[in-house]
Amino acid sequence: MFFSVTSAQLDAWLAAFMYPLARLLGMMMSAPIFSNRGMPTRFRLGVGLGIALAVLPAAPPMPDIAPGSGIGLMILGQQVFIGAAIGFTIRLVFAAIDVAGSFIGMQMGLSFALFFDPNSGGQSAVLADFMSMVAALLFLSLDGHLILVELVVRSFEWLPVGTGLHGQGWSFIPRAGAAIFSTGFLLSLPMLAVLLVTNVAMGVLTRASPQLNLFAIGFPVTMLAGFFSLILLMSNIGPVFHNLFERSFDAVPALLEALTPASASAGSSP
């Protein structure tokens, strides 16, 4: 007795595996931690394959479309874009933290201290890299990487494979990205206020004693005030980052709802 597999069965098995894998790999292309360039590509591919095999029993039924067909290739590309949009939504928080670090470093006089960032492939401020590293450690300690995988798995229920995408839903990402600079400024506002008071005090002191060299005294004093404020900020920054992570996780269902066509969302509502 021979074990025979028809082409229809093979296409169904490939569809049940390839479509979730495409969305997972798309998420890993843009999501923080997973998209770190220090992580080898083969390792990321292996992790994606392992996660896809693990979530395969819990995934909803996939469309009966061969992945190698023209429509199947379009669906695969669609899943990659959906996964990349989910990962990019979470990455916006880290971008806001980088902006906050750049603002603080500029006011402290550390704008000239640049460091090669392997994530962006270019140079970035040292303080921005430091805050991004702290955010990544907090993200891992809060099991953010596991929550992100859970969001991708649940996304197959919120936005099933093969569902047409609402064209205007993609505007949700630029609207969320517009909050990067405002969020980064709000994060850096306490330190910016301390540094502003320090600079004003140095200006008054220089006005009262013109013989003082502002460049010889002001720069060390500003750096010391900045580092002292940074120590106080780091001791209270955990809940703030936690709140930002939760807001980014809540933004993923909103993104998928915006991408869902109106007819599909109306049909799924009770």
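Residues numbered from 1 in each chain as written. Predicted model: local features only at pLDDT ≥ 70, side-chain atom pairs only at ≥ 80, totals over all residues. Heavy atoms only, no water.

A separate point is the overall build of the chain. Looking only at helices and strands, the chain has ten helices and two strands in total. For the chain, the proportion of its 270 residues judged to be buried stands at 40%. Summarising the internal contacts of the chain: among those between residues at least 6 apart in sequence, 82% fall at separations of at least 24. Counting every atom, the chain has about 14800 Å² of accessible surface; 70% of that belongs to carbon and sulfur. (Helix = DSSP H or I, 4+ residues; strand = E, 2+ residues; numbered from the N terminus. Buried < 20%, exposed > 50% of the residue type's maximum accessible area, 1.4 Å probe, protein only. Contact = heavy atoms within 4.5 Å. Areas by Shrake-Rupley, 256 points an atom, 1.4 Å probe, with all protein chains shown as cover.)

With that out of the way, let us pick up the confidence of the model for the chain. Counting all residues, the mean pLDDT for the chain is 79, and 87% of those residues have values of 70 or more. Element-level pLDDT for the chain is lowest in helix H10 (residues 262-268), with a mean of 43, against a maximum mean of 87 in helix H5 (residues 144-158). Low confidence marks residues 263-270, where pLDDT is under 50. Its contacts with residues over four positions away, or in another chain, come to two contacts. (pLDDT = per-residue confidence, 0-100.)

Okay, the side chain of Ser 30 next. Its place among the elements puts Ser 30 in helix H1 (residues 7-30). Only 2.7 Å separates the side chain of Ser 30 from the backbone oxygen of Ala 84, close enough to count as a polar contact. Apart from the residues within four sequence positions on either side, Ser 30 is in contact with Ser 35, Gly 83, Ala 84, Gly 87, Phe 88 and Arg 91. (Polar contact = N/O pair within 3.5 Å; in protein donor to acceptor, adjacent residues only side chain to side chain.)

Taken together, the side chains of Leu 10, Trp 13 and Leu 14 present a nonpolar region at the surface, about 300 Å² in accessible area. Position of Leu 10 among the secondary structure elements: in helix H1. (Patch = residues over 30% accessible without salt bridge, like charges linked within 9 Å, V, L, I, M, F, W, Y side chains within 5 Å. Salt bridge = Lys/Arg side-chain N within 4 Å of Asp/Glu carboxyl O.)

Another aspect to go through is the nonpolar core. Counting 50 residues, the largest nonpolar core has Met 27, Phe 241 and Phe 245 as its most contacted members. Beyond its immediate stretch of four places on either side in the chain, Phe 245 contacts Val 93, Phe 94, Ala 135, Leu 138, Phe 139 and Leu 142. Counting residues in hydrophobic clusters, the runner-up holds nine residues, among them Ala 22, Ala 59, Ile 75 and Val 161. (Core = buried A, V, L, I, M, F, W, Y, C linked by side-chain atoms within 4.5 Å.)

Positive phi outside glycine occurs at Ile 33, with the angle close to 70°. Take Ile 33: it is sitting in the loop between H1 and helix H2 (41-55). The class for Ile 33 is partly exposed, based on a relative accessible area of 23%. The phi dihedral of Asp 143 falls on the positive side, at around 60°, and the residue is not glycine.

What follows deals with helix H7 (residues 179-208). For H7, with 30 residues, the first-to-last C-alpha span of 42 Å sits near the 44 Å given by 1.5 Å per residue. Remark: the principal bend of H7, roughly 50°, maps to Leu 189, with a proline, Pro 190, within the next four residues. Along H7, the positions that sit buried rather than exposed are Ile 180, Thr 183, Gly 184, Leu 187, Ser 188, Met 191, Leu 192, Leu 195, Thr 198 and Met 202. (Expected span 1.5 Å × (residues − 1). Bend = angle between axes of the 7 residues up to and from the residue.)

Next up on the list: the packing of aromatic side chains. Under the defined criterion, the tally for this structure stands at five aromatic pairs. With centroids separated by 5.6 Å and ring planes inclined at 75°, the aromatic side chains of Phe 94 and Phe 139 adopt a geometry described as edge-to-face. One end of the pair, Phe 94, is in helix H3 (residues 70-108); the other, Phe 139, is in helix H4 (residues 126-141), with 45 residues separating them in the sequence. In this structure Phe 139 comes out as buried when scored by relative accessible area, which is 1%. Connected via pairs of aromatic rings, a cluster forms that spans Phe 94, Phe 139, Phe 245 and Phe 249. (Phe/Tyr/Trp six-rings, centres within 6.5 Å; stacked < 30°, edge-to-face > 60°.)

With that out of the way, let us pick up the environment of Gly 83. Its location among the elements puts Gly 83 in helix H3. Taking C-alpha positions, Gly 83 is 8.3 Å from Ser 30, a pair spaced 53 residues apart along the chain. Contact partners of Gly 83, with chain neighbours within four places excluded, come to Arg 23, Gly 26, Met 27 and Ser 30.

This part is about the packing of H3 against helix H9 (residues 237-259). The geometry of H3 relative to H9 is characterised by a closest axis approach of 10 Å and an angle of 155° between their N-to-C directions. Taken together, the axes of H3 and H9 are roughly antiparallel relative to one another. Helix-helix and strand crossings are classified by hand; for H3 and H9 the assignment is right-handed. The segment H3 lies against H9, with Ile 82, Ala 85, Ile 86, Thr 89, Ile 90, Val 93, Phe 94 and Ile 97 engaging Phe 241, Leu 244, Phe 245, Ser 248, Phe 249, Ala 251, Val 252, Leu 255 and Leu 256. (Axes fitted to C-alpha atoms, helices over the stretch in contact; angles between N-to-C directions. Parallel < 35°, antiparallel > 145°, perpendicular 65-115°, else oblique. Left-handed = near helix turned anticlockwise from the far one by under 90°.)

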